[in-house]
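Reading the structure
Each chain, letter by letter, is given below.
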Amino acid sequence: MQTRPLGETGHDSTVMTFGAIALNWLEQEGADQMVELVLDRGINHFDVAPTYGDAEVKLAPKLNQHREEIFLGCKTQERDYEGAKAKLEASLERLETDHIELYQVHGLEYEHELETITGEDGALEAFREAKEDGVVDHIGLTSHGNPQLILEAIDRIDDLETLMFPMNPVVAGKDDDDHDYEAVLERADEEGIGTLGIKAFAKGPWPSTDELPEADRPYANWYEPVDTPAEIEERFDFAASSGLTSVINAGDPKLVAMILDAASRYDGMDEAARRSLIERLRHEESPVPEQLHH
Amino acid sequence: MDVPTTVTTALEDRPIAGATCLEAGAGVGNTTAGLLAADAARVYAVTNDANHASTVSERVGRREVDRTAVLEADLRDLPLASNSVDVITAHGLCNVLTPQALERVATELTRVAAAGCHLVVDDYEPLPADAAVRELFALENAVAELVGGRPHLTFYPATMLRRLFAGHGWTFDRERTLLDPVPWTRRHLEAHAAVARAGAEELPTELREPLLADLEDLVAAIGEESVGEMYSIAMRFSD
Ligand SMILES: C[S@@+](CC[C@H](N)C(=O)[O-])C[C@H]1O[C@@H](n2cnc3c(N)ncnc32)[C@H](O)[C@@H]1O
């Protein structure tokens, strides 16, 4: 599988990152098999979080069996020093490891959170302390929030080494600043920051719970995912050809093998094909009259 | 308003900022929106369809009154002065023009072009023989021929349009692929089917009914299809 430099971390990440949230919906034996499958296909970058049910615990046995082969990303939603420090320790314990390669601020959403994180007694102090102690190698940030806020985070966090954000052809078709993750990608590149893409496989929001109760959804994802090999492949190709370092699989374990396959066969997607996908998926409930052209 | 990536891609290497532009065949105004977003000084959005003209006025004209003039006019006889336009776009226009109309439109666009004017022509290559959507377009054209004696759609190869405009004094600058494949979505195909249905209303029952039956079968069978190529040609005018 292709690898690319993860910014200036010195690590070359595979073009697909294993989102270990998938382990949450498997029993331990299935989780072990999943990790073996992912490693067998050559994946070298894993991502997990304490908020993914018991994914950390289920990852632990195989993580430790193959510790040297895995560049592990973990994250915390805590915004202050004490909270972040405690969560990092808890994650290390559940993962049964003594270090994490990449520790990330998880799910940045609001301006005031950025204030707290970067301020005195903020989460980043705990991150930096852990880095000095050799417990954490690199610092990252994840967000599916406003691109302008992510850009601000790049400005304000000098030692930021990776970013995780959405890269999806439906979103790419929207021009306003609220959807401008391309601007984030561009800035990250200029700054030598590694980039990880989420939501590549999201088709759209689930139908309302009146129409489809949560318990009846066929996939564990927050969004309704694409789920045919052809769609998975074009979504993977789209995200991987955007300039991102690596693309994270959809969370549902039923989709992981298909995504691994697409990642193994990835060999680029040209601009005309990328635009073709954006235009095909351009929002259906558009307010303008029917169009005969592109 | 979201500008389609086809439009942004066709315009991105053209000097739009500060230019007086003409969108020839404005449709719903996608290219007008793209030209305004690229800082055009003024955009004339021309269409001969009253509904399109009011849609463009609503969508873009209203917010950009100072920079936009929506003109309901025929491209074969433009209400614009000679040598007055810096950039002309024909995005998805030529395929709705018959060869005769195309020739006359080319003459008129050349008349209004200022020295050094940039022309951007974006359109579709003829579809491959095995494309399912070809059958739908053939049916749409059959209805148009029966009703009005001319086709509704003609897909001109890029090389042909290059030569046509070269014959009018334009110099080739560049060509790029906008879409490959072209996504013919349900929305697009439904819009084409609607054109055919409306035309068929004017046909005698014994012609209309079998054509409509075929049409509905085709639309259902195709669903959507990604096939063919959309290109962008850029040319320059020098007297
Ligand atoms: C398919 S639309 C073009 C799409 C548009 N350029 C865009 O970017 O969204 C074709 C337009 O050309 C107009 N048109 C066709 N023949 C014309 C003519 N002879 N004079 C003026 N407008 C014409 C149609 O009414 C329609 O508005």
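Just so you know, the residues in each chain are numbered from 1, in the order the chain's sequence is written. Here the convention is simple: chains get letters from A, ligands get numbers from 1, in the order in which they are written. pLDDT decides what is reported in this predicted model: residues at 70 or higher carry local features, side-chain atom pairs at 80 or more are listed and counted, and totals for whole chains, interfaces and linings draw on all residues regardless. Side-chain numbers here rest on the full set of heavy atoms in the structure, without hydrogens or water.

Focus on the overall build of chain A
The line we're drawing: Starting at the N terminus, helices and strands are each numbered in turn, a helix being any DSSP run of H or I of at least four residues and a strand any DSSP run of E of at least two. Using C-alpha atoms as the atom set, the radius of gyration is obtained and then compared with a globule rule of 2.2 Å times the number of residues to the power 0.38. Think of it in three bands: residues with accessible area under 20% of the maximum for their type are buried, residues over 50% are exposed, and the middle band is partly exposed, with areas taken using a 1.4 Å probe on protein chains only. By definition, residues are in contact when any of their heavy atoms lie within 4.5 Å. Working definition of accessibility: Shrake-Rupley area with a 1.4 Å probe, residue cover restricted to the visible protein chains. Working convention for charge: Lys and Arg count positive, Asp and Glu count negative, and His plus the chain ends are omitted. For charged residues, the charge sits on one atom: NZ in Lys, CZ in Arg, CG in Asp, CD in Glu.
For chain A, the count of helices and strands is 11 helices and 12 strands. Here the C-alpha atoms of chain A give a radius of gyration of 19 Å, agreeing with the 19 Å that 2.2 N^0.38 yields for 294 residues. Counting across all 294 residues of chain A, residues that qualify as buried make up 55%. Expressed as a percentage of contacts within chain A between residues at least 6 apart in sequence, the contacts between residues at least 24 apart total 75%. Counting every atom, chain A has about 12,500 Å² of accessible surface; 46% of that belongs to carbon and sulfur. Here chain A contributes 25 positive and 65 negative side-chain charges, whose respective centroids are spaced 3 Å apart.

Topic: the site of the ligand
For clarity, the threshold we go by: The criterion for a residue being near a molecule or strand is simple. One of its heavy atoms has to lie within 4 Å of it. Identification of polar contacts relies on pairs of N or O atoms within 3.5 Å, with a donor-acceptor requirement for protein atoms, meaning one able to donate a hydrogen and the other able to accept it, and with residues adjacent in sequence counted only if both atoms are side-chain atoms.
As a structural note, the neighbourhood of the ligand is formed by 19 residues, with B:Glu23, B:Gly25, B:Thr31, B:His52 and B:His91 the closest of them. Per-site note: the chains with residues close to the ligand are chains A and B. Between a nitrogen atom of the ligand and a main-chain N or O atom of B:Gly25, the distance comes to 2.8 Å. The side chain of B:Asn48 places a nitrogen or oxygen atom 2.9 Å from an oxygen atom of the ligand.

Concerning the pattern of salt bridges
Residues and elements named next belong to chain A. Operational definition: Here, a salt bridge means any Lys or Arg side-chain nitrogen found within 4 Å of an Asp or Glu carboxyl oxygen.
Going through the model one piece at a time under the given rule, you end up with 34 salt bridges over all chains. In this structure, Arg-41 engages Asp-40 in a salt bridge whose closest nitrogen and oxygen atoms are separated by 3.8 Å. Relative accessible area serves as the criterion here: at 36%, Arg-41 is assigned to the partly exposed category. The class for Asp-40 is exposed, based on a relative accessible area of 58%.

What to know about the UniProt feature "domain: Methyltransferase type" (unreviewed entry) in chain B
This is how it is decided: UniProt positions are given in the numbering used here, feature names are shortened, and annotations may be inferred rather than shown by experiment.
If you check UniProt for "domain: Methyltransferase type" (unreviewed entry), the listed places come out as residues 22–120 of chain B in our numbering. As annotated, residues 22–120 of chain B has a helix share of 34% and a strand share of 29%, and its two end C-alpha atoms lie 10 Å apart.

Some words on the UniProt feature "domain: NADP-dependent oxidoreductase" (unreviewed entry) in chain A
Look at the UniProt record and you will see "domain: NADP-dependent oxidoreductase" (unreviewed entry) annotated at residues 16–205 of chain A. Here residues 16–205 of chain A is 43% helix and 21% strand, with 24 Å between the C-alpha atoms at its ends.

Observations concerning the side chain of A:Thr76
Mapped onto the elements, A:Thr76 comes out in strand β5 (residues 71–76). Ignoring sequence-local partners within four residues, the contact set of A:Thr76 consists of A:Ala84, A:Lys87, A:Tyr103, A:Gln104, A:Val105, A:His106 and A:Phe127.

Observations concerning the side chain of A:Glu113
Residue and element names in this part refer to chain A. By secondary structure assignment, the location of Glu-113 is in helix α4 (residues 111–118). Only 2.7 Å separates the side chain of Glu-113 from the backbone nitrogen of Tyr-110, close enough to count as a polar contact. Once residues lying within four places of it in the same chain are set aside, the contact partners of Glu-113 are Arg-79, Gly-107 and Leu-108.

So, the nonpolar core
Note the cut-off: Put simply, a nonpolar core is a bunch of buried Ala, Val, Leu, Ile, Met, Phe, Trp, Tyr and Cys residues held in one set by side-chain atoms that sit within 4.5 Å of each other.
Membership of the largest hydrophobic core comes to 79 residues, with the highest contact counts inside it found for A:Phe18, A:Phe46, A:Leu59, A:Leu163 and A:Phe236. Ignoring any residue separated from it by four or fewer positions in sequence, one finds A:Leu59 in contact with A:Ala20, A:Leu23, A:Val35, A:Phe46, A:Val48, A:Leu72 and A:Leu95. Listed in part, the 35 residues of the second largest apolar core include B:Ala73, B:Ala90, B:Cys94 and B:Val112.

Focus on the interface of chain A and chain B
Keep this limit in mind: By buried area we mean how much accessible surface two parts lose on assembly, using a 1.4 Å probe and totalling the loss over both. Throughout this entry, Asp, Glu, Lys and Arg are counted as charged residues, while Ala, Val, Leu, Ile, Met, Phe, Trp, Tyr, Cys and Pro are counted as nonpolar. The remaining residues, Gly among them, count as polar.
On the side of chain B, 30 residues touch chain A, which itself brings 21 residues to the contact. Between chain A and chain B lies a buried interface of about 2,400 Å² when both sides are counted; carbon and sulfur atoms form 52% of it. Summed over the shared surface of chain A and chain B, the result is 8 residue pairs in polar contact (both at pLDDT 80 or more). Here the side of chain A that touches chain B is built from residues that sort into 6 nonpolar, 6 polar and 9 charged.

Considering the sheet that holds strand β2 (residues 42–47) of chain B
Residues and elements named next belong to chain B. What counts here: Strand pairing requires that DSSP identify at least two bridges connecting the strands. To obtain each axis, a line is fitted to C-alpha atoms, and for helices this fit is confined to the stretch in contact; angles are then taken between N-to-C directions over 0 to 180 degrees.
Pairing is mixed in the open sheet, where 7 strands are placed in the order β3-β2-β1-β4-β5-β9-β6. The sheet terminates laterally at β3 (68–72) and β6 (170–179), the two strands that pair on one side only. Strand-to-strand twist in this sheet, taken as the mean axis angle between neighbours without regard to direction, amounts to 15 degrees. Where strand β5 (residues 113–124) and strand β9 (residues 230–237) come together, 7 bridges link them in antiparallel fashion. Across the sheet, Tyr-124 pairs through a bridge with Met-230, a residue of β9. Against the sheet, helix α3 (residues 50–61) engages β2 and β3, with an angle of about 170 degrees to β3.

A look at the sheet that holds strand β6 (residues 100–105) of chain A
Residue and element names in this part refer to chain A. The strand order around the closed barrel formed by 8 strands is β3-β4-β5-β6-β7-β8-β9-β12, and the pairing between neighbours is parallel. Here the average twist between neighbouring strands, direction ignored, is 30 degrees. In the packing of helix α3 (residues 81–95) onto the sheet, the strands contacted are β5, β6 and β7 (136–142), and the crossing angle to β6 comes to about 140 degrees.

Some thoughts on a negative patch on the surface
All names here are of chain A. Rule in force here: Residues enter patches when their relative accessible area tops 30% and they take part in no salt bridge; the joining distance is 9 Å for like charges and 5 Å for the nonpolar side chains Val, Leu, Ile, Met, Phe, Trp and Tyr.
A contiguous patch of negative charge on the surface is contributed by Asp-80, Glu-82, Glu-120, Asp-121 and Glu-125. In this structure, Glu-120 sits in the loop between α4 and α5 (123–132). The class for Glu-120 is exposed, based on a relative accessible area of 73%.

Some points on the pairing of strand β4 (residues 85–91) of chain B
All names here are of chain B. Across the 7 residues of β4, 6 count as buried, placing the element largely inside the fold. Taken together, the 3 bridges between strand β1 (residues 20–24) and β4 define a ladder with parallel strand orientation. Bridged to Leu-22 within β4 is Ile-88.

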